Amino acid sequence: MRGYIAFTRKEFTEQIRTYKTLIMLAVFVVFGMMSPLLAKLMPEFLSSMAIEGVKITMADPTYLDAYTQFFKNITQMGIIVTLLVFSGCVSSEVTKGTLINILSKGISRSAVIISKYTASVTLWTLSFAAAAAVNYGYTAYLFGSHSTHNLLLSCLCLWLFGAFVISVTFFASTLTKGNYGGLLVTAAILGVLLMLNMMPESVRYNPVSLAANNMALLNNTVSTADMMAALGVTLVSTVLCLTVALCIFRKKIL
Amino acid sequence: MDILKLGHVCKSFGNLSVIDDLNFTVAEHSVFGFIGRNGAGKTTTMKMILGFLPLCGGEIYVCGEKVVYGNTKTNRHIGYLPDIPEFYGYMSPKEYLKLCGQITGLKPVQIQKKTKELLSIVGLDGVNRRIKGFSRGMKQRLGIAQALLNEPKLLICDEPTSALDPAGRKEILDILSLVRDKTTIVFSTHVLSDVERICDTIGILNKGKLVLQGELSEIKSTYRQDSVRIELTDKEKILTLKEKIQRIPSVSGAEIYDKSMTFNLSGVKETGAKILQLLADEGMTVSKYEVLEPSLENVFLEVVK
């Protein structure tokens, strides 16, 4: 336990001093700000680019357009940035050999993995919360106060998907050697999940639907109950990924 | 009491057998020099002692407890200095030692006290820069500090001096001699002069086996073979001297190098007198007459043949 606390503290220091905290927060806050702004300005952009003879008519943007932008940004660029920031978390320490000293001090290998996951998910949570809060405030400022269906649930789904992706990178980087193996395997796993999502029968259980149905939840075309299966599957998969990562890491040759 | 005990340890990587039936023990408060060529299996052995590599056979005991691969509890008795210690570059030495102390479970007061003490021993007190900019020697010294933090019963150093310049090497050896009465040291190297400086027992590893083990002084006297080097002022006379000296029965293996000649002999006193007589008779002017000390180098080269 004391090893876990000390090592988690070290992870936070590392995030701050290697600018991971700064990158994550900056990127996500920018997404939170940009999304409503883009939604608001899009019609003006388009009309300023109007080609002679072609008239583009667009409905006035609403707060829903802001959320569309927001979820699109986070599920695409947001997840990619998260993946890049956290993919080296385990593998870089293994390849550099910095863990040798620490492990010879008697910390358990499981504590190392759990510490790293705690710190990573904390930073993801903070960044995502910051993005969501900024987006909410800015949308309210630009489009007036609004009430949305299932906004919290929709955000929770996306948050869990992020936590799931981080656990997959941990699993992948304990499985492979070197710095990029983990990233490659994670990309492959996510690719497979995306392809599976094309089969209508699997959508219900697919973790990817947590990052695909966000707007449908807001529009009320997908109900809360429809998401429960995917939420359950993702939660179990996250725990499973971490457990397998722990088992592999315990026997990994350093 | 034996701090470290290896019994019938085997290790192979695929078909390549690296360690083959390795047995040795290290007694408390000794400095054990673990000598071998590059690639002899020194680092592999040390990693097995730390439970970082699985054994293919045999057993390892640290302070009477068996080492298990993976999560081994025996590491609480051990301080380890890897051949190239790697640290978190964004931390200062103090922060790094604090992290190590917290992991081992030292109290904050103890951590502060030990950190101060150790940093002054290794000459890093007052260095508040981040580790990123440290030289090899500084990293090596910080490595020793972190290894000694939990007052280990066994300090394992993997070639601590190999990559350092003479000054850095001397500093590391001085630090190790400072701590030798507090702990047992296992010290791997291929630099034999370092071994002669600080080790009291040695083991020579060759082809996966310990080919020689014992107290350094005993080994030296067992393998003692006196040799003498004579240097003449006149280069032309050296061949005549070699010819004449080889006629003395107790002389063997004469070799000429420029103006000097080295040879082995038994009984430095009597034979030596004969040689001096010979030199006087021939009227050769000697610029140097030296009785060579038996060196570990000769022993090493002989046993790893």
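Keep in mind the model is a prediction, meaning the values are calculated, not measured. (Residues numbered from 1 in each chain as written. Chains lettered and ligands numbered in written order. Predicted model: local features only at pLDDT ≥ 70, side-chain atom pairs only at ≥ 80, totals over all residues. Heavy atoms only, no water.)

Asks: Lay out the overall build of chain A with the relevant residues and their values.
Replies: Helix and strand counts for chain A stand at 10 helices and zero strands. When the helices and strands of chain A are read in sequence order from the N terminus, they spell out α-α-α-α-α-α-α-α-α-α. Counting only residues that meet the buried cut, chain A has 48% of its 254 residues in that class. On chain A, roughly 12000 Å² of surface is accessible, and the fraction owed to carbon and sulfur atoms is 71%. Positive and negative side-chain charges in chain A, numbering 17 and 9 respectively, have mean positions lying 22 Å apart. (Helix = DSSP H or I, 4+ residues; strand = E, 2+ residues; numbered from the N terminus. Buried < 20%, exposed > 50% of the residue type's maximum accessible area, 1.4 Å probe, protein only. Areas by Shrake-Rupley, 256 points an atom, 1.4 Å probe, with all protein chains shown as cover. Lys, Arg positive; Asp, Glu negative; His and termini not counted. Charge placed at Lys NZ, Arg CZ, Asp CG, Glu CD.)

Asks: Lay out helix α5 (residues 109-143) of chain A with the relevant residues and their values.
Replies: Here α5 of chain A is 35 residues long and its end C-alpha atoms lie 50 Å apart, about the 51 Å a rise of 1.5 Å per residue gives. Positive phi shows up at G144 of chain A, right after α5 of chain A, with a value of about 85°. (Expected span 1.5 Å × (residues − 1).)

Asks: Please set out the packing of aromatic side chains residue by residue, giving values where relevant.
Replies: Summed over the entire model, instances satisfying the criterion amount to 14 aromatic pairs over all chains. For the pair F161 of chain A and F164 of chain A, a centre-to-centre distance of 6.2 Å together with 40° between the ring planes defines the contact as tilted. In this pair, F161 of chain A and F164 of chain A both sit in helix α6 (residues 151-175), three residues apart, roughly one turn of the helix. We note that F161 of chain A, like F164 of chain A, is buried. Taking the centre distance of 5.0 Å and the plane angle of 10° together, the rings of F24 of chain B and F32 of chain B count as stacked. No difference in accessibility class separates F24 of chain B from F32 of chain B, as the two residues are buried. Joined through ring pairs, the aromatic side chains of F28, F31, W124 and F128 of chain A make up one cluster. (Phe/Tyr/Trp six-rings, centres within 6.5 Å; stacked < 30°, edge-to-face > 60°.)

Asks: I'd like to hear about the interface of chain A and chain B, residue by residue, with values.
Replies: Taken together, the contact pairs 28 residues of chain A with 31 residues of chain B. Buried area between chain A and chain B, summed over both chains or domains, comes out near 2700 Å², and the portion from carbon and sulfur atoms is 55%. When the buried surface of chain A facing chain B is broken down by residue, R17, N101 and K105 of chain A rank first, second and third, together holding 29% of it. At the boundary of chain A with chain B, the tally comes to 12 residue pairs in polar contact (both at pLDDT 80 or more). Only α1 (2-17), α3 (63-96) and α4 (98-104) of chain A provide two or more residues apiece to the side of chain A that touches chain B. Here the side of chain A that touches chain B takes eight residues from α1 of chain A, the largest share from any one element. (Contact = heavy atoms within 4.5 Å. Buried area = accessible area lost by both parts, 1.4 Å probe. Polar contact = N/O pair within 3.5 Å; in protein donor to acceptor, adjacent residues only side chain to side chain.)

Asks: An account of the pattern of salt bridges is needed here, citing residue identities and associated values.
Replies: Taken as a whole, this structure holds 22 salt bridges over all chains when the rule is applied. In this structure, K42 of chain B engages E159 of chain B in a salt bridge whose closest nitrogen and oxygen atoms are separated by 3.3 Å. Separated by 117 residues along the polypeptide, K42 of chain B in helix α1 (residues 42-49) and E159 of chain B in the loop between β7 (154-158) and α5 (166-179) bring together distant segments of the chain. Comparing K42 of chain B with E159 of chain B, the two get one shared label, buried. In this structure, R180 of chain B engages D200 of chain B in a salt bridge whose closest nitrogen and oxygen atoms are separated by 3.3 Å. Here R180 of chain B is found in the loop between α5 and β8 (184-189), whereas its partner D200 of chain B is found in the loop between α6 (192-198) and β9 (201-206), with 20 residues between them in sequence. Through salt bridges with shared partners, a single ionic network connects K10, E11, E14, E93 and K116 of chain A. (Salt bridge = Lys/Arg side-chain N within 4 Å of Asp/Glu carboxyl O.)

Asks: Could you give an account of the side chain of T183 of chain B, naming the residues involved and the relevant values?
Replies: Residues and elements named next belong to chain B. Relative to the assigned elements, T183 resides in the loop between α5 and β8. One polar contact links the side chain of T183 to the main-chain carbonyl oxygen of K153, over a distance of 3.3 Å. When sequence neighbours within four positions are dropped, the list of residues in contact with T183 reads H29, L148, P152, K153, L154 and L155.

Asks: Would you mind going over the sheet that holds strand β2 (residues 16-27) of chain B in detail, with residue names and values included?
Replies: All names here are of chain B. The strand order β2-β1-β4-β5 describes an open sheet built from four strands, whose pairing is antiparallel. Single-partner strands in this sheet number two, and they are β2 and β5 (65-66). Summarising the sheet, strand β1 (residues 2-13) and β2 pair through eight bridges and their orientation is antiparallel. What sits directly across from K5, in β2, is T25. On top of the sheet, α1 reaches β1, β2 and β4 (57-62); it is set at about 120° to β1, its chief contact. (Pairing = 2+ DSSP bridges. Axes fitted to C-alpha atoms, helices over the stretch in contact; angles between N-to-C directions.)

Asks: So what's going on with the sheet that holds strand β12 (residues 251-257) of chain B? Residues and values would help.
Replies: Residues and elements named next belong to chain B. Reading across from one edge, β12-β13-β11-β14 is the order of the four strands in this open sheet, with antiparallel pairing throughout. Looking at which strands have only one partner, the edges of the open sheet turn out to be β12 and β14 (286-292). Each adjacent strand pair in this sheet contributes to an overall mean axis angle of 15°, direction not counted. Where β12 meets strand β13 (residues 260-265), five bridges bridge the pair, whose relative direction is antiparallel. Pairing of E255 across the sheet is with T262, part of β13. Most of the contacts of helix α8 (residues 238-245) go to β13, to which it runs at about 10°, and overall it touches β11 (227-232), β12 and β13.

That's the geometry; what it means functionally is another story.
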